[in-house]
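Descriptive analysis of the structure
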There are 2 protein chains.
Amino acid sequence: MTRDIIPGPTLERLPWYLAYISMLRASKVEYVSSTSIARELNVDPSQTAKDLSYLKIKGRTRVGYEVAMLEQKLSAFLGFKRSHPAVMIGCGSLGSALIADRGLQNYGLHIVAGFDTDSSLAGKIIDGVEIYPMSRLEELRPSLDAEIAVIAVPVENAQNAADHAVAAGIKALWNFTPFRLRTREDIVIQNTSFYSHLAVMYNRLANLHSPLRR
Amino acid sequence: MTRDIIPGPTLERLPWYLAYISMLRASKVEYVSSTSIARELNVDPSQTAKDLSYLKIKGRTRVGYEVAMLEQKLSAFLGFKRSHPAVMIGCGSLGSALIADRGLQNYGLHIVAGFDTDSSLAGKIIDGVEIYPMSRLEELRPSLDAEIAVIAVPVENAQNAADHAVAAGIKALWNFTPFRLRTREDIVIQNTSFYSHLAVMYNRLANLHSPLRR
């Protein structure tokens, strides 16, 4: 199988379209055009047409895409329909919260085990997921069949956790810390440091309250 | 007070620096130069110097910035030292998880109440935070003194929740759904659709496994 390289921004926009289209389906809308998707989501219409062209599906002249079919194809294309086994590294407050979040499962991420350096957590079950000592990651990873590690450790342990995960055969790191991980070129890193977003929001909010100096 | 408009990318990078500097402090490092921060985080050194210039602090020739002082200033500059009261809208799986996550509090976000359209949740306490029926948001918002609403509802309810929050006097929406919200120009929207990041990661991971067509 050969695959296109999909640009990152396209891959980030496609789930927006999916969200909108799922809403249309829930409202029993049957057809939608790419221009109306673009208009609703404030995206340039030619960009939306280009983004959707990666799916290699045809809309019908004048009526556009069949909503149910487009939802199905988009979800499958984005990998949300398959189950991707993953391990959680760091099972403190954030890690536990992510394990407990059902949403991840809806988007195909299946957390099969947790690991933590705090050995007092070993044997604990969080929402059906067992927590193991970090030292057992290398031994257990192959049988868990997980290629993805979610990094939810304190920031000062992030690089260590990543190195450990890669040594155990992990191929993709979903990094929830604000630390910029360094690793081999063939390892996928996805950064989701949502605390960083707070800084942007606080600043914009403060600017609403005070005169701006441009 | 007048404020500079800080570019979004700078505001997203500053927390990376903070994370790295906190790690240095934990390792008892006393001084750090902006070039070594840049090198460690894979950022262009002139960009890092420019980013840090917004803090209006001086490093010392040759030795650079005092680590403890830089950490303190950065954290305060980013708004992480102040408490920002916020309401959680949608207290299902993700909303509850975010309420339970202690990390948000470390970054200054203080969730003071939860709201949900599911009236069976009313009166429930999640980690010390009381959940109210959504219909009471307008009445309770002023006494809660919250200007921020975290939107963690199902995607099809996102716009509704946002409209409701804005009508109740909320000034900033932290949107965890993949839906692109539409609202007044003077309302701050911060999108953190971390499920979208899964699509990017799955695609990169699949490309490791199959030949690429360029």
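As a reminder, the structure under discussion sits directly above these lines.
Attention here is on the structure that accompanies the text. Quantities reported herein were computed from a predicted structural model and do not represent experimental measurements. (Residues numbered from 1 in each chain as written. Chains lettered and ligands numbered in written order. Predicted model: local features only at pLDDT ≥ 70, side-chain atom pairs only at ≥ 80, totals over all residues. Heavy atoms only, no water.)

Secondary structure assignment for chain A yields 9 helices and 11 strands. In terms of overall dimensions, chain A has C-alpha extents of about 60 × 55 × 35 Å along its principal axes. Counting every position in chain A, which comprises 214 residues, the buried fraction comes to 56%. When the accessible surface of chain A is totalled, it reaches about 9,800 Å², and 49% of it is carbon and sulfur. Positive and negative side-chain charges in chain A, numbering 24 and 21 respectively, have mean positions lying 9 Å apart. (Helix = DSSP H or I, 4+ residues; strand = E, 2+ residues; numbered from the N terminus. Buried < 20%, exposed > 50% of the residue type's maximum accessible area, 1.4 Å probe, protein only. Areas by Shrake-Rupley, 256 points an atom, 1.4 Å probe, with all protein chains shown as cover. Lys, Arg positive; Asp, Glu negative; His and termini not counted. Charge placed at Lys NZ, Arg CZ, Asp CG, Glu CD.)

With that settled, consider the relation of the copies chain B and chain A. Here the two chain copies are tied together by a rotation about an axis and a shift along that axis. Each copy superposes on the other: chain B lies on chain A with an RMSD of 0.0 Å after a rotation of 180° and an axial shift of 0.0 Å. Those values place the two copies in the arrangement expected of a two-fold rotation axis. In terms of C-alpha distance to the rotation axis, chain B has B:A97 as its closest residue, with the C-alpha 2.2 Å off the axis. The fraction of interface residues of chain B whose copies in chain A are also interface residues reaches 100%, indicating that both copies meet through the same surface. (Least-squares fit on C-alpha atoms with pLDDT ≥ 70 in both. Contact = heavy atoms within 4.5 Å.)

Attention now goes to the sheet that holds strand 8 (residues 148–151) of chain A. Residues and elements named next belong to chain A. Here we have 7 strands laid out as an open sheet, ordered 6-7-5-4-8-9-10, and mixed in their pairing. What marks the edges here is a single partner per strand, and that holds for strand 6 (125–126) and strand 10 (188–191). Sheet topology note: the strand 5 (residues 109–116)/strand 7 (residues 129–133) ladder contains 3 bridges and is parallel. Paired with G114 across the strands is I131, a residue of strand 7. Contacting strand 4 (84–89), strand 5, strand 6, strand 7 and strand 8, helix 5 (residues 93–100) runs over the sheet at an angle of about 155° to strand 4. Against the sheet, helix 8 (residues 158–167) makes contact with strand 4, strand 8 and strand 9 (172–175), and its axis sits at roughly 170° relative to strand 8, the strand it touches most. (Pairing = 2+ DSSP bridges. Axes fitted to C-alpha atoms, helices over the stretch in contact; angles between N-to-C directions.)

Right, let's talk about the interface of chain B and chain A for a bit. Chain B puts 75 residues into the contact, and the matching count from chain A is 75 residues. Across the chain B/chain A interface, buried area totals approximately 7,200 Å², and carbon plus sulfur atoms make up 65% of it. At the surface where chain B touches chain A, the tally comes to 22 residue pairs in polar contact (both at pLDDT 80 or more). Here the residues of the side of chain B that touches chain A are counted per class, giving 41 nonpolar, 17 polar and 17 charged. (Buried area = accessible area lost by both parts, 1.4 Å probe. Polar contact = N/O pair within 3.5 Å; in protein donor to acceptor, adjacent residues only side chain to side chain. Nonpolar A, V, L, I, M, F, W, Y, C, P; charged D, E, K, R; others polar.)

On to the side chain of A:S34, then. Residues and elements named next belong to chain A. Topologically, S34 is positioned in helix 2 (residues 34–41). Classification of S34 as buried rests on a relative accessible area of 17%. For S34, the residues in contact, after removing those within four places along its chain, are T48, A49, L52 and Y65.

Attention now goes to the sheet that holds strand 4 (residues 84–89) of chain B. Within the open sheet, the 7 strands sit side by side as 6-7-5-4-8-9-10 (chain B). Their pairing is mixed. The outermost strands of the open sheet, each flanked by one partner alone, are strand 6 (125–126) and strand 10 (188–191) of chain B. Across 6 bridges, the pairing between strand 4 of chain B and strand 5 (residues 109–116) of chain B is parallel. The partner of B:V87 across the bridge, within strand 5 of chain B, is B:A113. Across the sheet, helix 9 (residues 194–209) of chain A lies against strand 4, strand 5, strand 8 (148–151), strand 9 (172–175) and strand 10 of chain B, angled at about 170° from strand 10 of chain B, the strand it touches most. Taken strand by strand, helix 5 (residues 93–100) of chain B contacts strand 4, strand 5, strand 6, strand 7 (129–133) and strand 8 of chain B, and its axis lies near 155° from that of strand 4 of chain B.

Negative phi is the rule for most residues except glycine; trans is the rule for most peptide bonds. If you check the backbone angles, A:D145 has positive phi at about 65° while not being a glycine. Structurally, A:D145 can be placed in the loop between helix 7 (137–144) and strand 8. You can call A:D145 exposed: its relative accessible area is 54%. If you check the backbone angles, B:D127 has positive phi at about 45° while not being a glycine.

Turning our attention to the environment of A:T61. Residues and elements named next belong to chain A. Here T61 lies in the loop between helix 3 (45–53) and strand 3 (65–66). Judged by its relative accessible area of 75%, T61 falls in the exposed class. Sequence separation between T61 and L121 is 60 residues; the distance between their C-alpha atoms is 58 Å.

Moving on to the packing of helix 1 (residues 8–26) of chain B against helix 2 (residues 34–41) of chain B. Residue and element names in this part refer to chain B. Viewed as axis vectors pointing N to C, helix 1 and helix 2 meet at an angle of 100°, and their least axial separation amounts to 11 Å. The angle between helix 1 and helix 2 places the two elements in the roughly perpendicular class. Of the residues in helix 2, those touching helix 1 at W16, Y17, Y20 and I21 are S36, I37, E40 and L41. Here the residues of the contact of helix 1 with helix 2 are counted per class, giving 6 nonpolar, 1 polar and 1 charged. (Parallel < 35°, antiparallel > 145°, perpendicular 65-115°, else oblique.)

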